[in-house]
Amino acid sequence: MSARGRLSAAIVAALEGVGMTAFDAPPVRGAVPHAVVEEAVLGDWSTTTWEGREGRVSVRFHDAGERPLRLRAAIEAGEAAVCALPPAIGDGWRVVRLRVARSRVAKSGDRWIGTSEFLVRMWRQEEA
């Protein structure tokens, strides 16, 4: 699996591990609250001896209601879960650095959407 695919799967698993409904693509009919891991924007971070990627990945948290109280709690729990990813995420890929770059909450129609953007660096360890 690609670096992008491994990263997305690891983030979905981390969010589900703290009790969130999470998807790697927008659901056709998703009840709120839920989280969607957007496609990562990754660039080359390789050297002559190992393969690496660096970039950004966003998670969008969706909820409804008059005020975003539940959404803010979900964002806080989600950011903590993503930042606590284990280094090894499969197929030899290892996360070296993962931190929140920015986060915001906005109203969109009848829903609240919170977006957390993460900076990530990862490299691939050749498996023996």
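Parameters at a glance
- Numbers given for residues are sequential positions, taken from 1 along each chain in its written order.
- A pLDDT threshold of at least 70 governs which residues receive local features in this predicted model, and a stricter bar of 80 or more applies before side-chain atom pairs are shown or counted, although totals over entire chains, interfaces and linings include all residues.
- The side-chain quantities take in all heavy atoms of the structure and omit both hydrogens and water.
- Put simply, DSSP marks the helices as runs of H or I at least four residues long and the strands as runs of E at least two long, and each gets a number from the N terminus on.
- Think of it in three bands: residues with accessible area under 20% of the maximum for their type are buried, residues over 50% are exposed, and the middle band is partly exposed, with areas taken using a 1.4 Å probe on protein chains only.
- We call two residues in contact whenever any of their non-hydrogen atoms come within 4.5 Å of each other.

S.K.: Tell me about the environment of Leu-98, and please be specific about residues and values.
M.R.: Along the chain, the position of Leu-98 falls in strand 6 (residues 93-108). A residue is classified by how much of its surface remains accessible, and Leu-98, at 12% relative accessible area, is buried. Spatially, the C-alpha atom of Leu-98 lies 20 Å from that of Met-1, the residues being 97 residues apart in sequence. In this view, Leu-98 contacts Val-82, Cys-83, Leu-85, Phe-118, Leu-119 and Val-120; residues no more than four positions away in its chain are not counted.

S.K.: Which residues make up the side chain of His-34, and what are the values?
M.R.: Relative to the elements of secondary structure, His-34 occurs in strand 2 (residues 34-37). For His-34, a relative accessible area of 6% puts it in the buried group. When residues no more than four places from it in sequence are discounted, the contact partners of His-34 are Thr-21, Phe-23, Pro-27, Arg-60, Phe-61, His-62 and Arg-111.

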